[in-house]
Amino acid sequence: MIWISTAVGLAVLGLAVLGVLAARVFVAARDLSRELDLTRQRLERHSGEFRVRIGTNRDGQG
């Protein structure tokens, strides 16, 4: 009987560990998504100026 309760206890403990790790992955993915959005916004601010400068260089060469 003690083997059954030990096995169930270890199974519950294993599921708890997997739950904690899954929560950490979820939080890290959310933080990465937030960081990507910030980077995308920063790049969009400067993309117009960059395209204008590239256009000026191409016109000067042609």
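Quick note: structure is the one above.
Residues numbered from 1 in each chain as written. Predicted model: local features only at pLDDT ≥ 70, side-chain atom pairs only at ≥ 80, totals over all residues. Heavy atoms only, no water.

Attention shifts here to the overall build of the protein. Broken down by element type, the protein carries 1 helix and 0 strands. Every one of the 62 residues in the protein was classed for burial, and the buried ones make up 0%. Total accessible area computed for the protein in this model is approximately 5900 Å², and 66% of it derives from carbon and sulfur atoms. (Helix = DSSP H or I, 4+ residues; strand = E, 2+ residues; numbered from the N terminus. Buried < 20%, exposed > 50% of the residue type's maximum accessible area, 1.4 Å probe, protein only. Areas by Shrake-Rupley, 256 points an atom, 1.4 Å probe, with all protein chains shown as cover.)

Note on placement: Thr 6 falls in helix α1 (residues 2-61). Taking the relative accessible area as the measure of exposure, Thr 6 reaches 37% and is therefore partly exposed. At a separation of 2.7 Å, a polar atom in the side chain of Thr 6 contacts the main-chain carbonyl oxygen of Ile 2. (Polar contact = N/O pair within 3.5 Å; in protein donor to acceptor, adjacent residues only side chain to side chain.)

This part is about the pattern of salt bridges. As enumerated under the stated definition, the model contains 2 salt bridges in all. A salt bridge links Asp 31 to Arg 34; its shortest N-O distance comes to 3.5 Å. Separated by 3 residues within a single helix, Asp 31 and Arg 34 lie in helix α1, roughly one turn from each other. On the basis of relative accessible area, Asp 31 is assigned to the partly exposed category, the value being 36%. One salt bridge in this structure joins Arg 40 and Asp 37, with 2.9 Å as the shortest N-O distance. Linking Arg 40 with Asp 37, this pair stays in helix α1, spanning 3 residues, or about one helical turn. (Salt bridge = Lys/Arg side-chain N within 4 Å of Asp/Glu carboxyl O.)

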